[in-house]
Amino acid sequence: MAQVAKLIDVTKCTACRGCQVACKQWNELPVEAPPKEMAFTGTLQSHPDLAPNTFTIIQFFEEKDDTNTVKYRFRKTGCMHCTDAACILVCEKKALTKLENGIVYRDKDKCIGCGYCAQNCPFQVPKVNPKTEKATKCTLCGDRIANKMKPACVTTCITGALDFGPRDEMLKKAKKRVETLQKQGVANANIYGEKELGGTNVIYVLADKPEAYGLPADPQIPLTATLWQQYGKPIGAAVFCASFATTLFAFFLNRKKDLAPKLHHHEGGKSHGV
Amino acid sequence: MTNHWVDLKNAKAFLIEGSNAAENHAMAMRWVMRAKEKGAVVIHVDPRFTRTSSTADIFAQIRPGTDIAFLGAIINYILQNKLYDEPYVKLNTNAAYLMRSDFGFHEGLFSGFNEKTFSYDTTSWGYELGPDGKPLKAESMEDPRCVFTKLKEHYSRYTFKVSADITGIPEAKIKQIADVLVKNRPATVMYALGMTQHTVGVQNIRGFGILQMLLGNMGKPGGGVNAMRGEPNVQGSTDFALLFNYLPGYLSYPKHTQPDLTTWTKSSGTFRAKFLVNLLKSWFGENATPENDFGYGWLPKINAKENYSIFRIFETAFEGKMKMLHVVGQNPMVTQPNLNLVHEGLTKLDMLVVQDIFLHETACFWEKPGVDPKQIQTEVIVLPAASFLEREGTKINSGRLVQWQYSKIKPVGQAKADLEIIDTLFNKIRDLYKGSTAERDQAILKANWQYPQENMVEAVLKEINGYNLNTGELNKSIGGLQPDGSTSCGNWVYAGVFANGENLSKRKDNKTDPGGLGTYPKFGWCWPGNIHILYNRASCDANGQPFDKDMPLVWWDEAQGKWTGYDVPDVPSATDGPNTPNGQKPYRMAGEGISRFVACTYKDPDPASPIGLPRDSSSTPGDGPIPEFYEPVESPTPNVLHPKVPVNPCLKYPRLKSQQPIGTSEEFPYVLSSSSMAEHWCAGSVTRNIPWLNELVKETTCELSPQLAQKLGIANGDMVKVWSARGEVVVRAMVTNRMQPLTVNGKTVDIVWMPYNWSFKGLSQAASTNLLTIDAGDPNTWIQETKACLVNLKKA
Amino acid sequence: MAYSDNDRFPRFGKAARVVHFTHLISFFVLFFTGMSLYFNFLSPLNLLFGGASSAKLIHRIAACIFFFGPILGICLNPKGFFLVIREITHWRKEDFQFIVTFLHKFFGQPHEVAPQGYLNGGQKLNVYLLGFGFLGLSITGFVLWFPQYVPISFALWCYPLHSLLAPCLTAAVLGHGYLGSFHPGSGASWEAIWGGTLSRAFAEHHHARWAQEVDSQLGRTRR
Ligand code: HEM
Ligand code: SF4
Ligand code: SF4
Ligand code: SF4
């Protein structure tokens with residue numbers, strides 16, 4: 001199956017948050033809390049961050065530049081469906097896998113909620129639900145895609161900020177859009193996700209540098225994750241095995257020996273034997 | 001909307017003023033984005049920087065209630081520099097018409113003002129008429145007596161400097177916006193309650209009309225003046241006389257001064273009398289005959305001097321003169337301004353019937369915090385209504401598109417569809433009146449009211465479309481309606497929705513789009529006559545050929561001898577060519593047949609009337625023929641244009657002195673603007689019962705600038721007390737750069753904003769902004785001034 | 001007091017012994033509950049603990065015992081703790097000599113044993129190993145538990161560290177356990193951690209200097 005991708009064109013997003021609600025509806029996700037129990041985020045942003053029952057949120061960025069012009073930016077956040085996915089690398093339970101179509105699929109039954117993916121994801125996407133002890137994240141609506149539908153969020157998006165289709169098509173569209181934007185004077189317009197992390201299956205069209213949207217400029221699988229999975233674990237295992245084997249060897253070697261300390265009735269000096 | 005939603009994609013520029021479209025008409029942005037993709041420029045003029053502003057190329061922060069000062073400056077700039085579309089103006093407007101010599105404007109007042117009645121004698125606002133009763137035209141638009149000259153004179157006071165002082169928008173920005181509008185045509189205007197909820201609401205919109213006429217943007221794809229209606233079917237409600245001064249189809253409601261059909265026709269004209277006859281035939285059936293004025297006499301008449309708006313409902317109740325109120329699909333205990341008065345009014349009723357899908361604040365008004373329910377004697381009856389998802393019927397969107405909505409969902413519990421409730425009620429009431437001979441009961445007894453229980457909604461739509469009563473066939477178009485009672489039609493603008501026996505509102509062809517302009521003529525049905533862009537004749541020159549060769553919409557086809565195009569041509573008769581009088585009426589709904597810069601009083605003579613009745617009468621706002629800037633009732637600054645007439649002179653406020661105090665800027669230094677938001681809708685009766693939406697926005701907030709917050713020692717997230725002359729609330733402060741103080745007439749003016757969607761019922765509860773807002777109303781429409789009042793605030 | 005070949009040498013108080021074994025047990029519980037995350041093929045180990053979820057819970061409970069047990073021990077017997085601290089911070093020539101001969105000892109080869117104090121050189125080293133291992137695993141472990149309270153860059157380092165320390169410490173523990181309990185030469189030290197005292201033969205052999213000290217303190221002189 002060909003690679004698919006979701007295209008998020010932030011320049012068209014008006015933060016209506018239809019996608020946020022559509023995602024909850026399709027995935028039957030309850031609210032995080034009743035309104036009175038939810039903390040004030042300081043802006044119109046709904047949740048401070050993604051949450052176990054919230055696979056996608058619109059992040060609000062408000063700033064004022066030196067010409068007193070307000071910049072009000074929005075970004076739909078969620079899983080990037082990376083090719084070089086840190087979450088997959090650190091998930092020992094193999095609950096996360098990259099499907100042929102590009103989806104980073106989470107197998108609910110395998111997930112034990114250790115939260116390794118949550119911390120190691122360069123975007124901090126997965127969140128562990130303490131009640132169910134499962135990490136959750138955007139599924140790219142794999143269930144809908146399998147039935148020839150677009151993801152719920154994409155279907156809902158009214159402004160055309162979201163699109164979904166074969167990855168190469170989405171990339172082409174993104175490139176064209178960036179070109180148009182640059183022609184219209186948005187000099188910093190750029191694509192995010194084309195090369196990042198091996199090419200992600202969620203692609204952004206941004207009007208400004210990634211940092212302005214809370215995205216790492218150069219996302220990487222954390223060095224620590226690589227050290228851990230590719231070096232730490234084998235070395236640790238080797239050390240353990242070596243110690244185990246040596247001890248066992250010594251055990252059998254010494255088993256029959258009479259090495260018990262004897263009483264030596266002499267003053268001081270060195271004792272011999274073992 | 002003169003145009004329609006999809007047509008927004010054809011615009012080269014957008015003036016979004018008094019609207020937060022991205023939040024409150026989110027769907028509009030689909031088409032705005034399409035236009036932007038092609039390079040359209042978006043201008044947003046609003047008191048605060050919103051999600052709509054984030055899509056704009058130019059944002060101008062305006063002081064609430066000063067839109068005419070802003071538009072006036074642009075109009076003046078266009079006039080002074082001759083930047084208008086001259087061929088268009090010459091052909092399509094009353095620019096060259098001669099005005100009466102006694103017309104004038106002085107110190108904030110037009111000629112004819114009566115200080116005692118707060119109203120104008122509008123006679124002097126008319127034209128110089130010829131012997132045929134038609135207006136006289138000047139040789140050139142430069143004639144000192146003509147409309148265009150009057151317009152220029154009027155707006156000559158509106159320099160960029162004056163405008164900047166009043167509105168708080170820097171001069172350079174106003175000029176920049178003017179230049180963009182001049183250079184990028186067609187430009188479309190999108191507005192909503194930010195323009196209308198003022199004591200100068202009608203004049204604000206007239207301002208748009210003048211601007212768009214000057215720029216030649218009316219009747220063209222990508223142009224127009226587009227009202228984005230606030231509710232899914234509010235266009236339908238207004239079409240069907242939601243407002244007290246109309247009958248269905250915007251026919252004016254009979255007044256006590258118009259006891260019979262002839263006196264009514266004297267003021268409304270024979271053209272509309274025909275539609276009234278059709279309406280009466282539809283309402284009274286066989287009982288409506290030429291002999292009895294088609295039952296006109298049975299209609300209750302309103303007192304011409306009285307105001308029957310929603311404000312008066314609660315005031316009348318407060319005065320103890322109203323016994324019972326039936327509220328349907330509305331929650332005035334949240335949405336009305338000056339809520340304390342609303343509550344007081346409700347407590348004085350004997351009985352309140354609420355028909356709604358949730359037990360909202362109006363239904364439970366006696367639960368208002370701080371109120372002792374034992375002291376309230378009002379009996380409350382709730383009729384559980386089916387939600388919009390549980391019933392079939394039409395919805396009419398802002399673009400006048402009639403669409404059928406199907407439903408196979410059964411109403412929850414005992415709930416019933418509104419139509420079913422009303423039908424049951426009516427039949428019960430008629431039973432109770434049976435046998436009465438009293439004249440006032442005849443409207444009910446003689447009514448033609450029998451609907452099948454199966455497919456009742458469609459039966460009503462058929463009645464609206466109307467019949468040829470001789471053949472029994474459904475009407476095909478407005479043109480087929482007869483003045484003699486041989487046809488019936490429940491709303492003339494809807495004639496044709498059931499043409500040829502087919503319910504056209506059910507059509508779903510979203511592929512056919514001749515011309516690629518987004519007209520989709522076979523998707524649903526658009527009133528009137530499936531015309532998608534009103535006044536589209538104006539997109540053509542004198543010969544009936546499109547002004548804009550790249551975006552042709554309709555045209556005169558000489559070979560076929562008829563008007564044709566991608567939209568239904570908006571002409572009185574498709575076969576009357578551009579050289580006939582009917583081919584020269586681009587604005588055929590005005591008596592003059594053309595559009596009016598100055599809304600002169602005018603009655604178009606009807607040569608066919610033996611008793612000299614007019615054919616049609618042009619409507620003129622009661623508070624002036626040209627938009628003039630007046631300050632809001634509660635304003636932080638004097639009116640620099642005419643200090644002696646600071647506010648709309650036709651305004652009567654307070655109407656109830658004890659309940660309607662006016663705050664001064666000394667006591668209440670900050671301007672409050674209020675509105676709805678994307679996540680919660682209107683009263684929130686529905687949306688605040690949806691947990692997913694409650695999660696998005698949790699409570700009422702007060703948005704204020706960092707500068708003001710610093711001055712008052714308020715931090716983002718603090719609770720603040722906000723109070724006006726009418727009430728006080730405690731809400732959370734949202735300190736944001738999106739709010740900025742303005743410099744108005746040399747002084748700093750701080751503006752705060754609050755959403756009004758909350759109250760004390762539902763799953764999400766918070767303070768009601770409308771406890772603060774003012775219930776002064778536009779003298780024409782009686783819409784409330786909820787966009788501008790004065791408040792004070794401090795850390796709670 | 002008279003000297004006797006059957007003299008016992010008091011070594012660990014009750015508290016220390018209880019702490020040691022709870023610590024030991026919690027350690028192995030931690031080890032086994034952690035292993036299924038280390039290698040997925042070890043998941044069947046979870047069956048011992050009632051499934052992945054309870055294994056996780058048990059890992060955390062055991063972690064608390066593992067961490068707070070020794071701390072409690074220190075509070076109960078601060079003197080003992082400072083004694084150990086003093087010991088491990090004072091190194092003698094003999095301690096190094098002991099370590100040099102460690103492998104001979106481990107594999108049962110003949111070697112000289114320099115006279116040792118309360119803790120012999122090997123034990124001192126062991127305290128360091130287990131002590132730092134203990135601290136390292138505890139700190140990183142708690143970070144794994146509550147990553148939201150530390151800077152993410154620090155949290156990220158805790159994953160490989162915890163993961164690496166766990167098998168390495170277990171390796172050390174295995175050696176320690178073997179020597180202390182099963183090694184024919186030193187296995188008798190088991191008596192100390194189990195019963196609290198050592199035999200004269202063992203004490204004089206492994207901790208000659210300390211044995212002398214104890215003898216003189218108790219006035220156990222040889223006739
Ligand atoms: C205070 C002490 C400790 C704490 C708080 C702690 C906590 C944790 C936590 C939170 C995890 C993540 C997995 C999970 O949630 O179950 C973990 C993993 C693990 N723990 Fe511990 N732990 C401690 C001590 C130990 C000890 C003493 C051992 C073993 C000897 C151990 C072995 C492991 C192993 C092998 C893993 C899996 C590492 C991997 O996936 O690479 N832990 N520990
Ligand atoms: S639905 Fe589209 S426009 Fe609305 S918030 Fe989501 S991405 Fe943005
Ligand atoms: S964004 Fe995070 S969770 Fe999603 S695939 Fe990439 S690493 Fe995994
Ligand atoms: S793709 Fe599906 S799961 Fe992911 S954010 Fe969109 S709706 Fe939610």
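Reference entry: report on the structure contained in this document.

Procedures and definitions
- Residues numbered from 1 in each chain as written.
- Chains lettered and ligands numbered in written order.
- Predicted model: local features only at pLDDT ≥ 70, side-chain atom pairs only at ≥ 80, totals over all residues.
- Heavy atoms only, no water.
- Contact = heavy atoms within 4.5 Å.
- Buried area = accessible area lost by both parts, 1.4 Å probe.
- Salt bridge = Lys/Arg side-chain N within 4 Å of Asp/Glu carboxyl O.
- Polar contact = N/O pair within 3.5 Å; in protein donor to acceptor, adjacent residues only side chain to side chain.
- Helix = DSSP H or I, 4+ residues; strand = E, 2+ residues; numbered from the N terminus.
- Nonpolar A, V, L, I, M, F, W, Y, C, P; charged D, E, K, R; others polar.
- Donors = N, O, S within 2.8 Å, 3.2 Å for Na, K, Ca; no water.
- Tetrahedral: all angles 85-135°; square planar, octahedral: opposite > 155°, others 65-115°.
- Buried < 20%, exposed > 50% of the residue type's maximum accessible area, 1.4 Å probe, protein only.
- Pairing = 2+ DSSP bridges.
- Axes fitted to C-alpha atoms, helices over the stretch in contact; angles between N-to-C directions.
- Patch = residues over 30% accessible without salt bridge, like charges linked within 9 Å, V, L, I, M, F, W, Y side chains within 5 Å.
- Areas by Shrake-Rupley, 256 points an atom, 1.4 Å probe, with all protein chains shown as cover.
- Near = heavy atom within 4 Å.
- Phe/Tyr/Trp six-rings, centres within 6.5 Å; stacked < 30°, edge-to-face > 60°.
- Lys NZ or Arg CZ within 6 Å of the ring centre and 35° of its normal.
- Left-handed = near helix turned anticlockwise from the far one by under 90°.

## Quick look at the interface of chain A and chain B
The parts lose accessible area when they come together, and the size of an interface is often stated as this lost area.
Right, so step 1: Between chain A and chain B, the residue contacts involve 38 residues of the former and 39 residues of the latter.
Right, so step 2: Carbon and sulfur atoms make up 63% of the surface buried where chain A meets chain B, a total of about 3100 Å² over both sides.
Right, so step 3: Our count for the contact surface shared by chain A and chain B stands at 4 salt bridges.
Right, so step 4: For A:Glu62, the salt bridge goes to B:Arg738, with nearest N and O atoms at 3.3 Å.
Right, so step 5: The interface formed by chain A and chain B includes 15 residue pairs in polar contact (both at pLDDT 80 or more).
Right, so step 6: For the side of chain A that touches chain B, the secondary structure elements donating two or more residues are α1 (18-26), β2 (57-64), β3 (70-77) and α6 (167-183) of chain A.
Right, so step 7: When residues in the side of chain A that touches chain B are grouped by element, the largest group, 4 residues, is from α1(A).
Right, so step 8: Broken down by class, the residue content of the side of chain A that touches chain B amounts to 17 nonpolar, 13 polar and 8 charged.

## Section: the coordination of the iron atom of ligand 1
Residue and element names in this part refer to chain C.
Right, so step 1: With distances of 2.1 to 2.2 Å, the protein atoms coordinating the iron atom of ligand 1 are His59 (NE2) and His162 (NE2).
Right, so step 2: Around the iron atom of ligand 1, the 6 donor atoms are arranged such that angles at the metal cover 80 to 179 degrees; this shape is classified as octahedral. In this pair, His59 sits in helix α2 (residues 52-76) while His162 sits in helix α7 (residues 152-182), placing the two residues 103 residues apart along the sequence.
Right, so step 3: On the basis of relative accessibility, which here comes to 16%, the residue His162 falls in the buried class.

## Considering the pattern of salt bridges
Residues and elements named next belong to chain B.
Right, so step 1: In this structure the tally under the stated criterion is 50 salt bridges over all chains.
Right, so step 2: Among the ionic pairs, Arg615 bridges to Asp604, the shortest N-O distance being 2.8 Å. Taken as a pair, Arg615 in strand β21 (residues 614-618) and Asp604 in strand β20 (residues 602-605) lie far apart in primary sequence, 11 residues in all. Considered together, Arg615 and Asp604 belong to a single accessibility category, that of buried residues.
Right, so step 3: The salt bridge involving Glu634 is made with Arg726; its shortest N-O contact spans 3.0 Å. Highlighted residues: Glu634 in the loop between β21 and β22 (670-675) and Arg726 in the loop between β24 (719-723) and β25 (728-735), separated in sequence by 92 residues. With respect to class, Glu634 is no different from Arg726; both count as buried.
Right, so step 4: When salt bridges with common partners are traced through the structure, they connect Arg312, Glu315, Glu319, Lys321 and Arg655 into a single cluster.

## Some words on the sheet that holds strand β2 (residues 41-46) of chain B
Residue and element names in this part refer to chain B.
Right, so step 1: Taken together, 5 strands build an open sheet; the order of strands is β3-β2-β1-β8-β9 and the sheet is parallel. Two strands bound the open sheet, and with one partner strand each, they are β3 (58-61) and β9 (225-227). If you compare each strand with its neighbour and ignore which way they point, the axes differ by 15 degrees on average.
Right, so step 2: As paired strands, β2 and β3 are joined by 4 bridges and run parallel to one another. Its bridge partner being in β3, His44 is matched across the sheet by Phe59.
Right, so step 3: The strands touched by helix α3 (residues 67-80) within the sheet are β1 (13-17) and β2, with β1 carrying the most contacts at an inclination of about 155 degrees.

## A short note on the arrangement of the chains
Right, so step 1: Contacts are most numerous between chains A and C, considering all 2 pairs of chains that are in contact.
Right, so step 2: One finds no contact between chain B and chain C; the C-alpha atoms of the two approach each other to within 23 Å at their closest.

## Some points on the pairing of β3(A)
All names here are of chain A.
Right, so step 1: Across the 8 residues of β3, 7 count as buried, placing the element largely inside the fold.
Right, so step 2: With 8 bridges joining them, β2 and β3 adopt antiparallel strand pairing. When the bridges of β3 are listed, Ile57 appears paired with Thr77.

## A look at the interface of chain C and chain A
Right, so step 1: Of the residues lining the interface, 48 residues belong to chain C; the matching set on chain A comes to 47 residues.
Right, so step 2: For the chain C and chain A pair, buried surface summed over both sides reaches about 4400 Å², with 64% attributable to carbon and sulfur atoms.
Right, so step 3: Where chain C meets chain A, there are 18 residue pairs in polar contact (both at pLDDT 80 or more).
Right, so step 4: Looking at which element gives the most residues to the side of chain C that touches chain A, the answer is α7(C), with 15 residues.
Right, so step 5: Classifying every residue of the side of chain C that touches chain A by side-chain character gives 26 nonpolar, 15 polar and 7 charged.

## Observations concerning a nonpolar patch on the surface
All names here are of chain C.
Right, so step 1: Together, Phe132, Leu135, Ile139 and Phe154 line one region of the surface with nonpolar side chains, adding up to about 400 Å² of accessible area.
Right, so step 2: Among the elements that take part in the nonpolar patch, helix α6 (residues 121-145) stands out by supplying 3 residues, more than any other.
Right, so step 3: Along the chain, Phe154 falls in helix α7.

## Notes on the site of ligand 1
Right, so step 1: Around ligand 1, the structure places 26 residues, and the nearest of them are C:Leu37, C:His59, C:Arg60, C:His162 and C:Ser163.
Right, so step 2: Nearby residues around ligand 1 are contributed by chains A and C.
Right, so step 3: Within the side chain of A:Trp228, an N or O atom sits 3.2 Å from an oxygen atom of ligand 1.
Right, so step 4: At a separation of 2.6 Å, a nitrogen atom of ligand 1 approaches a polar side-chain atom of C:His59.
Right, so step 5: Contributions of two or more residues to the shell around ligand 1 are made by α7 (223-254) of chain A together with α1 (14-38), α2, α6 and α7 of chain C.
Right, so step 6: Sort the elements by how many residues they give to the shell around ligand 1 and α1(C) lands first, with 7 residues.
Right, so step 7: For the shell around ligand 1, the residue count by class is 16 nonpolar, 7 polar and 3 charged.

## Concerning the packing of aromatic side chains
Right, so step 1: Applying the stated criterion across every chain yields a total of 69 aromatic pairs over all chains.
Right, so step 2: Relative to A:Tyr213, the ring of A:Phe61 lies with its centre 6.4 Å away and its plane at 80 degrees, an arrangement referred to as edge-to-face. Within this pair, whereas A:Phe61 is found in strand β2, its partner A:Tyr213 is found in the loop between β10 (202-206) and α7, the two being separated by 152 residues in sequence. Both residues of the pair, A:Phe61 and A:Tyr213, count as buried.
Right, so step 3: Aromatic side chains B:Tyr127 and B:Tyr602 sit 5.7 Å apart centroid to centroid with 70 degrees between the ring planes, which places their arrangement in the edge-to-face category. Taken together, the residues B:Tyr127 in the loop between β7 (119-120) and α5 (147-155) and B:Tyr602 in strand β20 connect sequence positions 475 residues apart.
Right, so step 4: On the basis of relative accessible area, B:Tyr602 is assigned to the buried category, the value being 5%.
Right, so step 5: Directly above the aromatic system of C:Tyr38 lies the positively charged group of A:Lys233, at a separation of 5.5 Å from the ring centroid.

## Some remarks on the side chain of B:Ser407
All names here are of chain B.
Right, so step 1: By secondary structure assignment, the location of Ser407 is in the loop between β16 (401-405) and α16 (418-433).
Right, so step 2: For Ser407, a relative accessible area of 12% gives the class buried.
Right, so step 3: Reaching out from Ser407, the side chain makes a polar contact with the backbone oxygen of Leu389 at a distance of 2.5 Å.
Right, so step 4: Here the side chain of Ser407 touches Ile409 through a polar contact of 3.2 Å, landing on its backbone nitrogen.
Right, so step 5: Once residues lying within four places of it in the same chain are set aside, the contact partners of Ser407 are Leu389, Glu390, Arg391 and Glu392.

## Details of the packing of α6(C) against α7(C)
Helix-helix packing is characterised by the crossing angle of the two axes and by the distance between the axes.
Residues and elements named next belong to chain C.
Right, so step 1: Direction vectors running N to C along α6 and α7 enclose 145 degrees, while the axes themselves pass 8 Å from each other. As for the relative orientation of α6 and α7, their crossing is left-handed in sense. The residues of α7 that touch α6, namely those facing Asn126, Leu129, Leu130, Gly133, Phe134, Gly136, Leu137, Ile139, Thr140, Gly141, Val143 and Leu144, are Phe154, Ala155, Cys158, Tyr159, Leu161, His162, Leu165, Ala166, Leu169, Ala172, Val173 and His176.
Right, so step 2: Taken together, the residues of the contact of α6 with α7 break down into 17 nonpolar, 7 polar and no charged.

## Notes on the sheet that holds strand β17 (residues 525-526) of chain B
Right, so step 1: Read across the sheet, 3 strands follow the order β15-β16-β17 (chain B) without closing on themselves; strand pairing throughout is antiparallel. Single-partner strands in this sheet number two, and they are β15 (393-396) and β17 of chain B.

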